[in-house]
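So the chains spell out like this:
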Amino acid sequence: MQVSIKSYAKVNIFLKIAKKRDNYHEIVSRFVRVKNLYDTISFIPNNETNEFNLIGDFGCKLEDNTIYKAFLQLRKYCPKIDAFFRVYSIKVEKNIPEFAGLGGGSSNVAAFLILANKHFNLYYKKEKLAKIGAKIGADVPFFVYEYDSANVTGVGEIVQEFKEEPLNIELITPKDIKCHTGNVFNCFRNEFYKEISKEKSDELLSMKSSEILNKLSIEEANDLYLPAVKLYPKLKEYAMQDWFFSGSGSSFFKVI
Ligand SMILES: C[C@](O)(CO)[C@H](O)COP(=O)(O)OP(=O)(O)OC[C@H]1O[C@@H](n2ccc(N)nc2=O)[C@H](O)[C@@H]1O
Ligand SMILES: Nc1ncnc2c1ncn2[C@@H]1O[C@H](COP(=O)(O)OP(=O)(O)OP(=O)(O)O)[C@@H](O)[C@H]1O
């Protein structure tokens, strides 16, 4: 029985805004999994608390933890998991930095749902897991599908595999800068708002990631870069030639 799963980070090769949807923004993006950066989530048969027990190095309270939120959602469909997680703990070896644009919280949700789906023989389809998880984090559907590379649109709920050669990603995450996704989107909306055209978006979605990065500058590739720099000017110190920006920051990456 599988009791452990890798929960990978992602980068956004490009990230453009298509339109507003209430308080959210519809994105047009290429997501790529980072093969060499992952958390490990395990179910371990050791829980002295007799309640849900999450062991790991997190910067938030249990109630705010995305794995706990995923447990609460899944329990609605499958009440028996409640008894299981009074006897088992969830242990997370946390390597993906938080507030880094690498999707750590969403990735953990997807990994938990995939592992629970196998462990409890639920046989839920990916579509169902993606729907359950999307309530918790916008990037969960991408991680649920386990594609190495995908085009992601809507508010993250539309995921289409993009077949291309595997990419090796090098990352730099400034330790001293924590980018708040909501604040970066707000700044984009108030001061930098623009929408990508249908033609441009179709063009980018059909191009290989390496071609996109050869063609675009860091500002052109990611609409959230300039608002993030406006809010967190220290980011500029990390911006180097040929490096790109992931999500709402703070991580920079390049393909090696
Ligand atoms: C931009 C990306 O980093 C791309 O990978 C993600 O889609 C962000 O995903 P996330 O961190 O899971 O975002 P959430 O926690 O769902 O949203 C945080 C806040 O960011 C804003 N937000 C987020 C995603 C989105 N497409 N539009 C938004 O405007 C909303 O104000 C929201 O309240
Ligand atoms: N399982 C989790 N792993 C990481 N962060 C979590 C988790 N659960 C809740 N959080 C909280 O969520 C916030 C940021 O999470 P996360 O690291 O996913 O965001 P991010 O780096 O902004 O990613 P992205 O913008 O790509 O979605 C922090 O407040 C963090 O403490």
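Fair warning: this is a prediction, and the values are worked out from it, not measured in the lab.

Attention now goes to the overall build of the protein. In terms of helices and strands, the protein carries 10 helices and 9 strands. Taken over the C-alpha trace, the protein has a radius of gyration of 18 Å; the compact-globule value for 256 residues is 18 Å, and the two agree within 12%. If you line up the protein on its principal axes, its C-alpha atoms span 50 × 35 × 35 Å. When the 256 residues of the protein are sorted by exposure, 53% land in the buried category. Within the protein, residue pairs in contact and separated by at least 24 positions form 74% of the contacts whose partners lie at least 6 positions apart. Taken as a whole, the protein presents about 12,500 Å² of accessible surface, with 50% of it coming from carbon and sulfur.

Close contacts around ligand 2 come from 21 residues, with Thr66, Lys94, Ala100, Gly103 and Gly105 the closest. For ligand 2, a nitrogen atom lies 2.9 Å from a polar atom in the side chain of Lys94. If you list the elements that add at least two residues to the shell around ligand 2, you get helix 1 (66-77) and helix 3 (104-119). The biggest single contributor to the shell around ligand 2 is helix 3, with 3 residues. The residue inventory of the shell around ligand 2, partitioned by class, reads 6 nonpolar, 10 polar and 5 charged.

Mapped onto this numbering, the UniProt entry annotates "binding site: ATP" (unreviewed entry) at Pro97, Glu98, Phe99, Ala100, Gly101, Leu102, Gly103, Gly104, Gly105, Ser106 and Ser107. With respect to the secondary-structure elements, Gly101 resides in the loop between strand 4 (89-93) and helix 3. The exposure class assigned to Gly101 is buried, which follows from its relative accessible area of 13%. The residues touching Gly101, leaving out its near neighbours within four places in the chain, are Lys10, Asn12, Ser246, Gly247, Ser248, Gly249 and Ser250.

Okay, the pattern of salt bridges next. Applying the stated criterion to the full structure yields 21 salt bridges. Salt-bridge contacts for Arg86 lead to Asp82; the nearest nitrogen and oxygen are separated by 3.2 Å. Remark: Asp82 and Arg86 occur in helix 2 (residues 81-87); sequence separation between them is 4 residues, near one turn of the helix. On the accessibility criterion, Asp82 (19% relative accessible area) is buried. One salt bridge in this structure joins Glu203 and Lys200, with 3.7 Å as the shortest N-O distance. Placement of the pair is Glu203 and Lys200 together in helix 7 (residues 198-206), with a separation of 3 residues, close to one helical turn. In this structure Glu203 comes out as partly exposed when scored by relative accessible area, which is 31%. The exposure class assigned to Lys200 is partly exposed, which follows from its relative accessible area of 30%. Residues joined by salt bridges that share partners form a network here, namely Lys16, Lys194 and Asp223.

Before going further, it helps to spend a moment on the confidence of the model for the protein. Per-residue pLDDT for the protein has a mean of 97; in total, 99% of the residues score no lower than 70. Across the whole predicted complex the pTM is 0.97, and at the interface the ipTM reaches 0.94.

A separate point is the site of ligand 1. As a structural note, the neighbourhood of ligand 1 is formed by 16 residues, with Lys10, His25, Ala138, Asp139 and Phe185 the closest of them. Side-chain polar atom of His25 to an oxygen atom of ligand 1: 2.7 Å apart, as the coordinates give it. Contacts to ligand 1 include Asp139, whose side-chain N or O atom sits 2.9 Å from an oxygen atom. Look at ligand 1: alone it shows 640 Å² of surface, and the protein chains cover 79% of it. The set of elements that each furnish at least two residues to the shell around ligand 1 consists of strand 1 (4-21), strand 2 (24-44) and helix 6 (181-192).

With that settled, consider the pairing of strand 6 (residues 158-161). Side-chain direction in a regular strand flips from residue to residue, so the side chains alternate between the two faces of the sheet. In this structure, strand 5 (residues 149-154) lies alongside strand 6, joined through 4 bridges in antiparallel fashion. By the bridge assignment, Thr153 is partnered in strand 6 with Ile158. Joining the antiparallel neighbours strand 5 and strand 6 is a turn of 3 residues, in which Gly156 adopts a positive phi near 100 degrees.

On to the packing of aromatic side chains, then. Two aromatic rings, taken as a pair, are described by how far apart their centres are and by the angle between their planes. For the structure shown, the criterion picks out 23 aromatic pairs. Look at Phe43 and Phe112: their rings are 6.1 Å apart centre to centre, the planes differ by 65 degrees, and that puts the pair in the edge-to-face class. Of the two residues, Phe43 is situated in strand 2 and Phe112 in helix 3; the sequence distance between them amounts to 69 residues. With respect to burial, Phe43 and Phe112 carry one shared label: buried. For the ring pair Phe52 and Tyr68, a centre distance of 5.1 Å and an interplane angle of 55 degrees mean the geometry is tilted.

Procedures and definitions
- Residues numbered from 1 in each chain as written.
- Chains lettered and ligands numbered in written order.
- Predicted model: local features only at pLDDT ≥ 70, side-chain atom pairs only at ≥ 80, totals over all residues.
- Heavy atoms only, no water.
- Helix = DSSP H or I, 4+ residues; strand = E, 2+ residues; numbered from the N terminus.
- Rg over C-alpha atoms; globule rule 2.2 N^0.38 Å.
- Buried < 20%, exposed > 50% of the residue type's maximum accessible area, 1.4 Å probe, protein only.
- Contact = heavy atoms within 4.5 Å.
- Areas by Shrake-Rupley, 256 points an atom, 1.4 Å probe, with all protein chains shown as cover.
- Near = heavy atom within 4 Å.
- Polar contact = N/O pair within 3.5 Å; in protein donor to acceptor, adjacent residues only side chain to side chain.
- Nonpolar A, V, L, I, M, F, W, Y, C, P; charged D, E, K, R; others polar.
- UniProt positions renumbered as here; feature names shortened; annotations may be inferred.
- Salt bridge = Lys/Arg side-chain N within 4 Å of Asp/Glu carboxyl O.
- pLDDT = per-residue confidence, 0-100.
- Pairing = 2+ DSSP bridges.
- Phe/Tyr/Trp six-rings, centres within 6.5 Å; stacked < 30°, edge-to-face > 60°.

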